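Structural features, examined
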Amino acid sequence: MAAHRLVVASLFLCCLAEICYGKVLFSSLKTTLVVTASPKQGQVLSSGVDKISGTWSLNKAFPAGTDSSYKTIKLKLCYAGISQKDRAWRKTVDDLSRDKTCQHKMVAMHYNASNKTVQTYDWLIERFVPQATYFVRAYAFDSNDVEVGYGQSTNADKSTNLFEINAISGRHATLDICSICFSAFSVLSLGVFFYIEKRKGKSQK
Ligand SMILES: *[C@@H]1O[C@H](CO)[C@@H](O)[C@H](O)[C@H]1NC(C)=O
Ligand SMILES: *[C@@H]1O[C@H](CO)[C@@H](O)[C@H](O)[C@H]1NC(C)=O
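The structure contained in this document is the topic of the report that follows. These figures come from a predicted structure and were not determined experimentally.

Here we take up the site of ligand 2. Lining the immediate surroundings of ligand 2 are Asn-115, Thr-117 and Gln-119. With respect to ligand 2, the side chain of Asn-115 contributes an N or O atom lying 2.4 Å from an oxygen atom. Gln-119 is positioned such that a nitrogen or oxygen atom in its side chain is 2.6 Å from an oxygen atom of ligand 2. Protein contact buries 31% of the 360 Å² of open area that ligand 2 shows by itself.

This part covers the pairing of strand β9 (residues 163–166). Burial along β9 is one-sided: the residues Phe-163 and Ile-165 are buried and none of Glu-164 and Asn-166 is. Relative to β9, strand β7 (residues 132–141) is paired through three bridges, and the arrangement is antiparallel. Counterpart to Tyr-134 in the pairing with β9 is Phe-163.

If you add up the space inside the largest pocket, you get close to 320 Å³. As for the largest pocket, its lining consists of 19 residues, and the residues nearest its centre are Leu-58, Asp-67, Tyr-111, Asn-115 and Lys-116. Elements with a contribution of two residues or more to the lining of the largest pocket: β3 (51–58) and β5 (104–110). Element by element, the count of residues in the lining of the largest pocket is highest for β3, at three residues. Residues belonging to the lining of the largest pocket are distributed by class as follows: eight nonpolar, eight polar and three charged.

The rules behind the values
- Every chain is numbered independently, its residues counted from 1 as its sequence is written.
- To read the labels, note that chains go from A and ligands from 1, taken in the order they are written.
- It should be noted that, the model being predicted, local features are given only for residues of pLDDT at least 70 and side-chain atom pairs only at 80 or more, the latter also being counted only at that level, while totals for whole chains, interfaces and linings use all residues.
- Note that the side-chain values use all heavy atoms of the structure and ignore hydrogens as well as water.
- Here a residue counts as near a molecule or strand whenever at least one of its heavy atoms sits within 4 Å of it.
- In protein, a polar contact means a hydrogen-donor-capable atom and an acceptor-capable atom, both N or O and within 3.5 Å, with residues adjacent in sequence counting only if both atoms are side-chain atoms; elsewhere, any N or O pair within 3.5 Å suffices.
- Using the Shrake-Rupley algorithm and a 1.4 Å probe, accessible areas are obtained, with residue cover drawn only from the displayed protein chains.
- Whether a residue is buried, partly exposed or exposed follows from its accessible area with a 1.4 Å probe, protein chains only, as a fraction of its type maximum: under 20%, in between, or over 50%, in that order.
- The helix and strand labels rest on DSSP assignments: H or I over at least four residues marks a helix, E over at least two residues marks a strand, and numbering proceeds from the N terminus.
- What makes two strands pair is DSSP finding at least two bridges between them.
- Cavity means a closed set of points on a 1 Å grid over the protein atoms alone, one where a 1.4 Å probe fits but cannot get out, pocket means an open set with protein on both sides within 12 Å along at least 5 of 7 lines, and lining means a residue has an atom within 4 Å of a point.
- Grid points are joined across faces, edges and corners, and a volume is the space filled by probe spheres set on the points.
- Following the grouping adopted for this structure description, the nonpolar residues are Ala, Val, Leu, Ile, Met, Phe, Trp, Tyr, Cys and Pro, the charged ones are Asp, Glu, Lys and Arg, and the polar ones are all others, Gly among them.

Function cannot be read off these values alone, since they describe shape.
Right, here's the structure in full:
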């Protein structure tokens, strides 16, 4: 009986925690931010080399004061559907604490409601960013670090303005070609060396 009560009590506490700490559902957020990303539809960028310029501003379609609770803006790189297929570790989940769509943070910036200029941030694509198709999304957070709004560089279906990131940078490719050439050259010279040695051995006999 006591155990039973304990289970009920802990279930109740869990529910309370869910309500208090607010499971934020993506579907409950409004598109209050206008977000753009510099890459063109289908453009291929290289990690470690290319930059992405992201901009955000308040969506004017919403009434004044919509942003009154906004404290921080976080700009993130997000996987497009084509790069999420059969990859559970990139899955989109409506509960934002479990969502894996936007794993790469570009920047977190203080939100200034009185500054109406479009904010821009240039991000050098980090080297460890995997090869995939992406878009950019910005989340607005309140003082409790809870998502309260968002905007993205693609449409709601996440089908437009997608770009690709190539994991192998230009510099890397050059290095790879160099090392292949060097190994081919060393194998060849080893062969030539043995051939000459053999010839020498033969002529000495
Ligand atoms: C916010 O922007 C306003 C107007 O653009 C400016 O006067 C103010 O200093 C800014 N505040 C911060 C904290 O940057
Ligand atoms: C408003 O934001 C822009 C872009 O970040 C910044 O350059 C400018 O200094 C800001 N204006 C004020 C008055 O803070």
